[in-house]
Amino acid sequence: MNKQNKNDNAANRKSYVGHVFNIGEKQEKEIILNSLNPEWAKLHREGYIHIHDLDAYGLTYNCLTFDILNAFPYDRFKNLEPEETIVGVFDFIKELLAKIGNEQSGGMSFANFDKDFALIFKNLGVKVLQNHAIFKACIRSLILWCNNMHTRMGQTSYYVTFCIGLGTNNAERFLSYTLLECFGCAGDLIYKPNIVFKIKGGINRFPDDLNFDLLQTALLCTARKMIPTYLLCDCDADKNINPEKLSIMGCRTRVVDDLFGEAGAIGRSNIDNISINLPRLALEVDKEIPDASFEEKISLFKEKWRHVASVTKDILLDRYEKTCNADIDLFPTIRQYKLTIEDINKVGLRGTFKHGTLSIGFIGLSESMEVLSGKKYWVDDEVYNKSLNFVKYMRTYLDELKKQYNLNFSLLATSGEYISGRFVEIDKKLYNSPVMKKDYYTNSFHVDVDSRLPAYKKLELEGPFHIFANGGCISYIELSEAPIGNNEGLNELIEIAIKSGVHYLGFNFPKDVCKECGASGTFDVCPACGSKEITRIRRVSGYLEIQDYFTKGKMNESKNRKTN
Ligand SMILES: [Zn+2]
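## Section: the overall build of the protein
Stage number 1. The secondary structure content of the protein amounts to 17 helices and 15 strands.
Stage number 2. Taken over the C-alpha atoms alone, the protein extends approximately 75 × 60 × 50 Å along its principal axes.
Stage number 3. Within the protein, buried positions represent 52% of all 564 residues.
Stage number 4. In the protein, the proportion of contacts linking residues at least 24 apart, taken out of those at least 6 apart, comes to 76%.

## Description of the pairing of strand 8 (residues 357-363)
Stage number 1. Burial analysis of strand 8 places seven of its seven residues in the buried class, the great majority of the element.
Stage number 2. Burial along strand 8 is two-sided: the face carrying Thr357, Ser359, Gly361 and Ile363 and the face carrying Leu358, Ile360 and Phe362 are both buried.

## Regarding the packing of helix 12 (residues 365-373) against helix 13 (residues 381-405)
Stage number 1. Packing of helix 12 against helix 13 brings their axes to within 11 Å, and their N-to-C directions diverge by 125°. Classed by the angle they form, the pair helix 12 and helix 13 counts as oblique. Every pair of crossing elements has a handedness; the one defined by helix 12 and helix 13 is right-handed. The residues of helix 13 that touch helix 12, namely those facing Leu365, Met369 and Ser373, are Val383, Ser387 and Val391.
Stage number 2. For the contact of helix 12 with helix 13, the residue count by class is four nonpolar, two polar and no charged.

## Brief notes about the sheet that holds strand 14 (residues 534-540)
Stage number 1. The four strands are arranged 13-12-14-15 in an open sheet whose pairing can be described as antiparallel. Across the chains shown, the open sheet's two edge strands, defined by having one partner strand only, are strand 13 (520-521) and strand 15 (543-546).
Stage number 2. Inspection of the sheet shows strand 12 (residues 511-514) paired to strand 13 by two bridges, in the antiparallel sense. Within strand 13, the position partnered with Asp512 by the bridge is Gly521.

Parameters at a glance
Each chain carries its own residue numbering, running from 1 in the written order of its sequence. Note on the predicted model: pLDDT of at least 70 is required for a residue's local features to be given, and 80 or more for side-chain atom pairs to be given and counted; whole-chain, interface and lining totals, by contrast, use all residues. Labels follow the DSSP assignment, with helices taken as runs of H or I lasting at least four residues and strands as runs of E lasting at least two, numbered in each case from the N terminus. Partly exposed residues are those whose C-beta has more than 12 but fewer than 20 other C-beta atoms within 10 Å; with 20 or more the residue is buried, with 12 or fewer it is exposed, and the C-beta atoms are placed from the backbone. Any residue pair is listed as a contact if its two C-beta atoms, each placed from the backbone, are within 7 Å. Interaxial angle, 0 to 180 degrees, is taken between N-to-C directions of lines fitted to C-alpha atoms, where a helix line uses only the stretch in contact. Here the angle decides the label: under 35 degrees means roughly parallel, over 145 means roughly antiparallel, 65 to 115 means roughly perpendicular, and every other value means oblique. Note on convention: the crossing is left-handed when the near helix lies turned anticlockwise from the far helix by less than a right angle, right-handed when the turn is clockwise. In this count, Pro and Cys sit with the nonpolar residues alongside Ala, Val, Leu, Ile, Met, Phe, Trp and Tyr, while Asp, Glu, Lys and Arg are called charged and the others, Gly among them, polar. Only strands that DSSP links by at least two bridges are regarded as paired with each other.

Pasting the structure below:
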């Protein structure tokens, strides 16, 4: 237990291909950093910012919600028996995930797995309900594939998200239900893919809604496995958007507004994102004007952020330009299956990627406000309002960039995989502050994970931030144990979340699985067999992972989590 694995990515396992990839990746990152404007590379090296997926710079984009209906290869399944067609379609999904997973640097998502595949099977002449056993077998196999295939870059599993919940006809409901049931029953060590349940009034939110039962099935699954998470389509930020157009990546990336078309995620990407280390800027302010008022400190903090953000914008633009000019042959699968909003073969990379987002992220709002004000932002009204105001300030800047450059800039509440520890490690060499004592910075605008605030309070505090973080964000509720049998409580929290402005919600609880006998619960010693060999499954940056493989910052954060 606690073997410290130095992997940058919590999902990694070892293999020779992975070993070779890692050596190449490290070198590629250096080459890319050295090729950039020295001021930009310096900001990254010194830990003011983190350029995510640096090795992919100018080669590919980050993530994509597939436009699966656009050019589905129906011809492939002509003249097949229904059983062959069903197996064939699920094989095709795996093929897509494996290929795209190696053509881009981040996650893949299906916006409406239930509705889209019910339609595809209808078009193929396959009756879903008459073939329920084989569908169940195929969905089970797909889940195991997502969980077990560490073939991406020779070492990592695929970041896959299936959004479900809106389909109300029998076939659609069956697909949602079966995905939830198979995932829920798949055993405690099966914790991928990510499933997102979309909640919408009139469809599944209220007891009279046709799919209310499906929501209850989803909550039961969450109570056992922390999955699904919930996209709250009735929240302030999303309520006026067609819920079928909404989608989310497991890592929380949100792509909605589009300068070049209708709002919605389908066929669109986040192109690139860079996170800014807020505590660093706050520590600088505090060092420069230690005796100034909170007001004055905030004002200098904003100034510093704007300077860093302005340089960050230049890097995002440079990367965007380079990605638009990349070799189109790097995207054979997207070309073949036309998974993007516009046909890449017709409009080229730029014509497609212009629909994507360029995001500036942030981490450690809590620590920054503590440095500037001496208080936790969530215990003091004045500091809370200033914090909200600062996030609004960041968003306003991104909206200005959007106008100025005619590109989809957005503000991302960064999840903090890797950087939460990396930033602290660098900052510790420069500053000595109590906010670094716990060896990680708090995720985006989140309340500290050890706040012990009641769940409803945490939602009410974090909710108002969601509408500003249009590039993606999530609020988590930390529960002390699996909330099995407490759907009522979870329904209540969902209602509070929607009313507070939360657009994406997750429930976390510690999940320990005995390596000897498979018993699960929350324990250091297995209550069934007495073994101390325990696998700990925790959520990291949106996806569930085994804690042994966590990065140092995330490991420390996870240890510090206290229940709400
Ligand atoms: Zn045991």
